[in-house]
Amino acid sequence: MAALLSALVALALLPLVAEKFTVQICTKIMIMAIFAMSLDLLLGYTGLVSFGHAAFYGAAGYALALLTPQYQAANFWTSLPLAVAASALLALVIGFLVVRTRGIYFIMVTLAFAQMLFFFFFDTKIAGGSDGIYVDVRPVAKIGGWQLFNLEDFTNVYYVVLVFLALTFVLLRVILRSLFGRVLAGVRVNEQRMLSLGYPTFRYKLACFVIAGAIAGVAGYLSTVQFGVVNPETLGWHLSAAVMMMVILGGMGTLVGPAIGAAIWMLLEIGFQSLPQAGGVDFGKHWQLFMGGFVVLAALLLPNGLIGVLDRLRGRRDESHE
Amino acid sequence: MNDTVLRTQGLTRRFGGLVAVKDVSIECRMGEVHAVIGPNGAGKTTLINLLSGDLEPSAGKVVLGATDITGLASHRISKLGVGRSYQKTNVFLPFTAFENCRLAAQSRLASSMRFFRPALADREVNACAERALAAAGLQGRGGAPVAALSHGEQRQVEIAMALATRPRVLLLDEPLAGMGAEESARIVALLKGLVAGHAILLVEHDMDAVFAVADVLTVMVNGMVLESGTPERIRSSRAVQEAYLGTDDALHER
């Protein structure tokens, strides 16, 4: 708890000392952390290996873009709930169809639905096709006549994202400890036994899928706010795979793990991309090769993710399992 | 006497060409232990799976009270008041014994779609879990992860979970398998105490225990009911003796 609060304070102080570039990177990392936490609710806590989680991230981004009038600003207070509702509704529809499948089929079907959405936006002109669509003017957050924060300003965006990161963390923590959260844990460990105890597991898994999709939508909305653009990549399987790597790398079944995983992943990406040329080889250009090597090493050396290493250093066991 | 809570009619289950349960009609009455015995492969566990909804019957009916529950999903049958334990320990190994029973007790809430209510704040559910643990002889052991418990204790957790769902009908699949003499005696005593408020269907290989608690016995062989009746009648039945209680001829018949 003390570690969490000091991390929060450090994050709150960062824009006072850091350059614009660092603040923007950190904003991106926090958005990915929200996204990764939402996936971990499925992956680590419920045992649902969704390989199409980007669908809900991208959907909210597109919702914001489509809700934004040209050359004008959308209303933050209405566009955020609407965008998140769009993701949740999409998760409800997709979830209704995929949650009844299991194991490898669940992975395949979630991937298939996300790719369908990808190609829908890629191949149709309703939102800019393969180039995506710009949000020229960021949503405005007014209360009465007064502007609470200005999303055109990168520091304001940073703090808004930080608030949502903290809210997501608290919300998930409450949910995981609730009666509902215990059902999810039971489903992960032994779904058949949950059925025989009288739990209609389908509807609990579906509710979990919708919650995870909605939170992914929050992340996707914030990402579109930060970059002012949304394109089909935000729905694609590359992003679904990357966020899954963040969760696994950081440590499944924890909330801090995915956040750490998101940070490490993004920093490595930047680090490898900025590798210099040497001996006629542009190492930075082949950054994905190094990412791949890192994933292999992590899989071999860190079976419980980075959080497992931290826990071992601090000599305590994962607190999330009772 | 017409306190029949659960009955089957011509219950049949095929696995491909194999008929695991064939035309079985039995009754479980409130306040009675109905023991089902028979050699391995007789179809006893399949019968329990058909009653609990873990398997769907190929033919025949299962009736609970006045309701036809044939083919209902296991979670619905559980909610209607049929609890079961498994022959092969089927619990939540990483969770504590208490959490296993708490989850079982929580299943009786109208809904668990409660996203903000802390699970541990429900005192009634907690108390029900504690009672079930104590009844199964696990008081003081609730805090240990089930994976760390002995095999016998895990068997007790299995029974405690069935109790924590507060069923009217208890289907117990070899509850004593793997238990020491002391725990077995405790569970037999527990069953004697429970029977007043329950209809119990007991599948068990421990004949001393069976004859100590059973009010009615059904002998199954090759998926069929060979004989059914009071313990005295079963004990004196020639067919049972030949087929089950052990003559060489019985083996040749298979």
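On a predicted model such as this, the values are computed, not experimentally measured, just so you know. Per chain, residues are indexed from 1 in the order of the written sequence. Numbering of ligands from 1 and lettering of chains from A proceed in the order in which they are written. Given that the model is predicted, a residue must reach a pLDDT of at least 70 before its local features are reported, and side-chain atom pairs must reach 80 or more before they are shown or counted; all residues, however, enter totals for whole chains, interfaces and linings.

Elements are defined by DSSP. Helices are runs of H or I of four residues or more, strands are runs of E of two residues or more, and each kind is numbered from the N terminus. Summing up its helical and strand segments, chain A has twelve helices and six strands in all. Our radius of gyration looks at C-alpha atoms and nothing else; its globule reference is 2.2 Å times the residue count to the power 0.38. Rg of the C-alpha trace for chain A: 20 Å, near the compact-globule value of 20 Å for 322 residues, within the 12% margin. Considering only C-alpha atoms, chain A reaches an extent of 55 × 50 × 40 Å along its principal axes. In chain A, buried positions account for 47% of the 322 residues. The contact criterion used here is simple: two residues whose C-beta atoms, placed from the backbone, lie within 7 Å are in contact. Intrachain contacts of chain A at a sequence separation of at least 6 include 75% that bridge at least 24 residues. In this scheme every C-beta is placed from the backbone, and a residue whose C-beta has 20 or more other C-beta atoms within 10 Å is buried, one with 12 or fewer is exposed, and one in between is partly exposed.

This next bit is on the interface of chain A and chain B. Many authors give the size of an interface as the accessible area that is lost as the parts come together. At the junction of the two partners, chain A supplies 23 residues and chain B supplies 28 residues. Breaking the side of chain A that touches chain B down by element, the ones donating at least two residues are α6 (154-177), α7 (179-196) and α8 (201-227) of chain A. The element contributing the most residues to the side of chain A that touches chain B is α7(A), with eleven residues. Residues were grouped as follows: Ala, Val, Leu, Ile, Met, Phe, Trp, Tyr, Cys and Pro as nonpolar; Asp, Glu, Lys and Arg as charged; and all remaining residues, including Gly, as polar. Tallied by class, residues from the side of chain A that touches chain B come to twelve nonpolar, seven polar and four charged.

Turning to the packing of helix α3 (residues 97-106) of chain B against helix α5 (residues 151-164) of chain B, a few remarks are in order. Residues and elements named next belong to chain B. Between the N-to-C directions of two axes lies an angle of 0 to 180 degrees, each axis being a line fitted to C-alpha atoms and, for a helix, fitted only over the stretch in contact. Running from N to C, α3 and α5 point in directions that differ by 25°, and their axes come no closer than 7 Å. When the interaxial angle is binned, α3 and α5 end up roughly parallel. Note that α3 runs across α5; the crossing there is right-handed. Within the contact between the two elements, α3 uses A97, N100, C101, A104 and A105 and α5 uses V157, A160, M161 and A164. Residue composition of the contact of α3 with α5, grouped by class: eight nonpolar, one polar and no charged. Throughout, the term roughly parallel applies to angles under 35 degrees, roughly antiparallel to angles over 145, roughly perpendicular to angles from 65 to 115, and oblique to all others. Note on convention: the crossing is left-handed when the near helix lies turned anticlockwise from the far helix by less than a right angle, right-handed when the turn is clockwise.

A separate point is the confidence of the model for chain B. Residues and elements named next belong to chain B. Along the chain, pLDDT gives the predictor's confidence residue by residue, from 0 to 100. The share of residues in chain B with pLDDT of 70 or more is 95%, and the mean pLDDT across the chain is 91. Between the elements of chain B, mean pLDDT differs from a low of 42, seen in helix α10 (residues 248-253), to a high of 97, seen in α3. Scoring of the predicted complex yields 0.91 for pTM and 0.90 for ipTM.

One broad rule of soluble globular proteins: the nonpolar side chains tend to lie buried together. Each nonpolar core reported here comprises buried Ala, Val, Leu, Ile, Met, Phe, Trp, Tyr and Cys residues connected via C-beta atoms within 7 Å. One finds I34(A), A36(A), C101(B) and A160(B) to be the most contacted residues of the largest nonpolar core, which totals 174 residues. Element by element, the count of residues in this core is highest for α8(A), at 15 residues. Segmentation into domains, and thus their bounds, comes from an automatic or database assignment. Lining this core are residues from two domains, each supplying at least three of them: domain 1 (1-81 + 168-254) and domain 2 (92-166) of chain B.

Here the focus is helix α11 (residues 287-301) of chain A. An ideal rise of 1.5 Å per residue puts 21 Å on 15 residues; α11(A) measures up with 21 Å between its terminal C-alpha atoms. Along α11(A), only zero of the 15 residues are buried, which leaves the element largely exposed. An expected span of 1.5 Å times one less than the residue number is assigned to each helix.

Residues and elements named next belong to chain B. Along its sequence, chain B is organised into domain 1 (1-81 + 168-254) and domain 2 (92-166). Relative to domain 2, the C-alpha centre of domain 1 lies at a distance of 26 Å. Among the elements that make up the side of domain 1 that touches domain 2, the one with the highest residue count is helix α6 (residues 181-194) (four residues). The class makeup of the residues in the side of domain 1 that touches domain 2 is six nonpolar, three polar and two charged.

When you line up the elements, R117(B) lands in the loop between α3 and α4 (123-135). Here the alpha-carbon distance between R117(B) and M207(B), two residues 90 residues apart in the chain, equals 47 Å. When residues no more than four places from it in sequence are discounted, the contact partners of R117(B) are S178(A) and L179(A).

All names here are of chain B. Taken together, six strands build an open sheet; the order of strands is β7-β8-β9-β4-β10-β11 and the sheet is mixed. The sheet is open, and its two edges are formed by β7 (82-85) and β11 (224-229), each paired on a single side. Adjacent strand axes in the sheet meet at a mean angle of 15°, parallel and antiparallel pairs treated alike. Between any two strands, pairing holds if DSSP finds at least two bridges.

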